[in-house]
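# A closer look at the structure
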There are 2 protein chains.
Amino acid sequence: MDILGNYRLILGSGSPRRKSILKEAGIPHTVKVIEVDEVYSADMHPSEVPSFLALKKSRAHLLTDGRDILLTADSVVIKDGLILEKPANYNQAFSMLTNLSGSIHEVTTAFCLRNLERYEIESITSRVWFNEISDQEKEYYINNFQPYDKAGGYGIQEWIGHVKISKIDGSYLNIVGLPMEAVYKALNKLIKSLNANI
Amino acid sequence: MDILGNYRLILGSGSPRRKSILKEAGIPHTVKVIEVDEVYSADMHPSEVPSFLALKKSRAHLLTDGRDILLTADSVVIKDGLILEKPANYNQAFSMLTNLSGSIHEVTTAFCLRNLERYEIESITSRVWFNEISDQEKEYYINNFQPYDKAGGYGIQEWIGHVKISKIDGSYLNIVGLPMEAVYKALNKLIKSLNANI
């Protein structure tokens, strides 16, 4: 399915999961990452942070060609109303898994689609149920999977997701890092409207 | 995580998805498939069919070694109270996707864990939300992915799942074909009780 036609998609994210999701969705793209300071106001509601950061990442790029469409995204893990960032070390990763064990948390991913003329931001939240994780299992996971690049310190598509996540309510790919079905829909809509304007 | 200890897992299923799920869960296993006639009574409730067939598949095996644990499973896709089987040809696959487009359906997977002394069956149901699928998209999917070995004529882990499934309520891996988190829990429990009996 060639949904891009004459347009070109630029993925403004260095996440290998996002790249892989786009690939599985059959959407050709190039990757161009511009690092931004992922700082947000302390009084911002956690669920608003991904939209804010997806837009911030988008604005870091300069678009000059009308055929370019830029996709940026940001994901956060929220437990008890607080954002769990990427764990900086083993102990933080261990604490995060302890926090998530035997309980429910939320994952919010926002994405921004932008071209020369306009941008659209969408934010999607899914809920995730974790079974109890033993200390031995936490240790095994952290040592073998090094989840230091992952919000909340885990990847649903990895070992721990396979053996410990009993249920989700929402988009699976949103939890992985990119709600592809929503991106696909928004991309189709954007290209349709761009083509209608020609 | 070596959860098997002195026990050995036999996967009694030829499904490459189930094999891959077990592998990602880090559980060593061998595959031994004995084909059974997947016939069930017409008056059986659709959601009971997977349990019935998982047990039937299990009973086809002769277990002789106390260290062997056999895992069998069966998945069905249920729409409006009716089971959608594997599509036999292009037209059936097209009709099934038309049936699933823009609506909600259920996937029930049951698994049976069995050793010399006992067996346990568990059945898990998840709900799946499909966005509208255009005829062009159905054609693209069927021609490129040949979903003739898949209950309901689709795989959530394939292109169509990426671009068209907006939401699930339940276990993602259950929809793929094996609710790994439940298998992991049941396997741990079985091995613990076997070890306690020695």
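On a predicted model such as this, the values are computed, not experimentally measured, just so you know.

## Observations concerning the overall build of chain A
The helix and strand inventory of chain A stands at seven helices and seven strands. Secondary structure of chain A in N-to-C order comes out as β-α-β-α-β-β-α-β-β-α-α-β-α-α. Since a compact globule built from 198 residues should have a radius of gyration of about 16 Å, the 18 Å found for chain A is in line with a globular shape. With the C-alpha coordinates of chain A rotated into their principal frame, the extents come out at 60 × 35 × 25 Å. Here chain A, with 198 residues, has 40% of them falling under the buried criterion. Within chain A, contacts between residues at least 6 apart in sequence are counted, and of these 70% link residues at least 24 apart.

## Regarding the relation of the copies chain B and chain A
Once turned by 180° and shifted 0.0 Å along the axis, chain B lies on chain A with an RMSD of 0.0 Å. In the structure described here, the two chain copies are related by an operation that fits a two-fold rotation axis. In terms of C-alpha distance to the rotation axis, chain B has D169 of chain B as its closest residue, with the C-alpha 2.2 Å off the axis. When the interface residues of chain B are mapped onto chain A, 100% of them again lie at the interface, so the same face is used by both copies.

## Let's talk about the interface of chain B and chain A
Taken together, the contact between chain B and chain A spans 25 residues of the former and 25 residues of the latter. Of all elements in the fold, only helix 1 (16-24), helix 4 (135-145), helix 5 (159-164), strand 7 (165-170), helix 6 (172-176) and helix 7 (180-197) of chain B reach the threshold of two or more residues within the side of chain B that touches chain A. With six residues, the single largest contributor to the side of chain B that touches chain A is strand 7 of chain B. Sheet topology note: the strand 7 (residues 165-170) of chain A/strand 7 of chain B ladder contains three bridges and is antiparallel. What sits directly across from D169 of chain A, in strand 7 of chain B, is D169 of chain B.

## With respect to helix 3 (residues 90-100) of chain B
Residues and elements named next belong to chain B. Taken residue by residue, helix 3 has A93, M96, L97 and L100 as its buried positions. An end-on view of helix 3 places all buried positions within 95° of arc, on one side of the element. In this structure, helix 3 carries N91 and T98 as exposed residues pointing more than 90 degrees from its buried face. With its phi angle positive at about 65°, G102 sits one or two positions after the end of helix 3.

## Overview of the pairing of strand 6 (residues 119-130) of chain B
Residue and element names in this part refer to chain B. Where strand 5 (residues 104-114) and strand 6 come together, 11 bridges link them in antiparallel fashion. The residue bridging E106 from the neighbouring strand is R127, located in strand 6. In this structure, the hairpin formed by strand 5 and strand 6 is closed by a connection of four residues. Strand direction decides the pairing type here: strand 6 and strand 7, joined by four bridges, are antiparallel. The residue bridging R127 from the neighbouring strand is D169, located in strand 7.

## A word on the confidence of the model for chain A
The predicted model of chain A averages 96 in pLDDT, with 99% of residues at 70 or higher. Across the interfaces of the predicted complex, the ipTM metric reaches 0.93, alongside a pTM of 0.95.

## Quick look at the nonpolar core
Judged by nonpolar contacts, the single largest core of 94 residues is most densely connected at F111 of chain A together with F111 of chain B. Excluding its chain neighbours within four sequence positions, the residues that come into contact with F111 of chain B are A54, L71, T72, A73, E122, L178, P179 and V183 of chain B.

## Side note on unusual backbone geometry
The backbone phi angle of D80 of chain A is positive, close to 50°, even though this residue is not glycine. Note on placement: D80 of chain A falls in the loop between strand 3 (68-79) and strand 4 (82-84). Using a count of 10 C-beta atoms within 10 Å as the deciding quantity, one classes D80 of chain A as exposed. A positive phi is found at Q146 of chain B, a non-glycine position, where the angle reads about 45°. The exposure class of Q146 of chain B is exposed, given the 12 C-beta atoms found within 10 Å.

## Some details on the environment of G102 of chain B
Residue and element names in this part refer to chain B. Within the secondary structure, G102 is located in the loop between helix 3 and strand 5. Each C-alpha atom of the pair G102 and N131 lies 4.5 Å from the other, and the pair is 29 residues apart in sequence. Among all residues touching G102, those that are not within four sequence positions of it are F130, N131 and E132.

## Looking at the environment of L97 of chain B
Residues and elements named next belong to chain B. Summarising the element assignment, L97 is placed in helix 3. Since 24 C-beta atoms lie within 10 Å of it, L97 is described here as buried. Measuring from C-alpha to C-alpha, the distance between L97 and F111 comes to 26 Å, with 14 residues separating the pair along the chain.

## Quick word on the environment of L9 of chain A
Residue and element names in this part refer to chain A. Relative to the elements of secondary structure, L9 occurs in strand 1 (residues 8-11). Taking the C-beta count within 10 Å as the criterion, L9 has 19 such neighbours and is therefore assigned partly exposed. Residues L9 and N115, 106 residues apart in the sequence, show an inter-C-alpha distance of 9.7 Å. With residues up to four places along the chain from it excluded, the contact list for L9 reads L4, I27, P28, H29, I69 and L71.

The rules we used
Along each chain, residue indices are assigned from 1 in the same order as the chain's sequence is written. Working convention: letters from A go to chains and numbers from 1 go to ligands, in the order in which they are written. It should be noted that, the model being predicted, local features are given only for residues of pLDDT at least 70 and side-chain atom pairs only at 80 or more, the latter also being counted only at that level, while totals for whole chains, interfaces and linings use all residues. To qualify as a helix, a DSSP run of H or I must reach at least 4 residues; to qualify as a strand, a run of E must reach at least 2; elements of each kind are numbered from the N terminus. What the globule rule says is 2.2 Å times the number of residues to the power 0.38, and the radius of gyration is computed from C-alpha atoms. Whether a residue is buried, exposed or partly exposed is read from the other C-beta atoms within 10 Å of its own C-beta, which are placed from the backbone; 20 or more gives buried, 12 or fewer gives exposed, and intermediate counts give partly exposed. We call two residues in contact when the distance between their C-beta atoms, placed using the backbone, is within 7 Å. A least-squares fit on C-alpha atoms brings the copies together, and the residues used are those whose pLDDT is at least 70 in both copies. At least two DSSP bridges between two strands are needed for those strands to be called paired. In this context, the arc is that of the directions from the helix axis out to the C-beta atoms. What pLDDT reports is the predictor's confidence in each residue, on a scale of 0 through 100. Residues enter a nonpolar core if they are buried, belong to Ala, Val, Leu, Ile, Met, Phe, Trp, Tyr or Cys, and are joined to the set through C-beta atoms within 7 Å.

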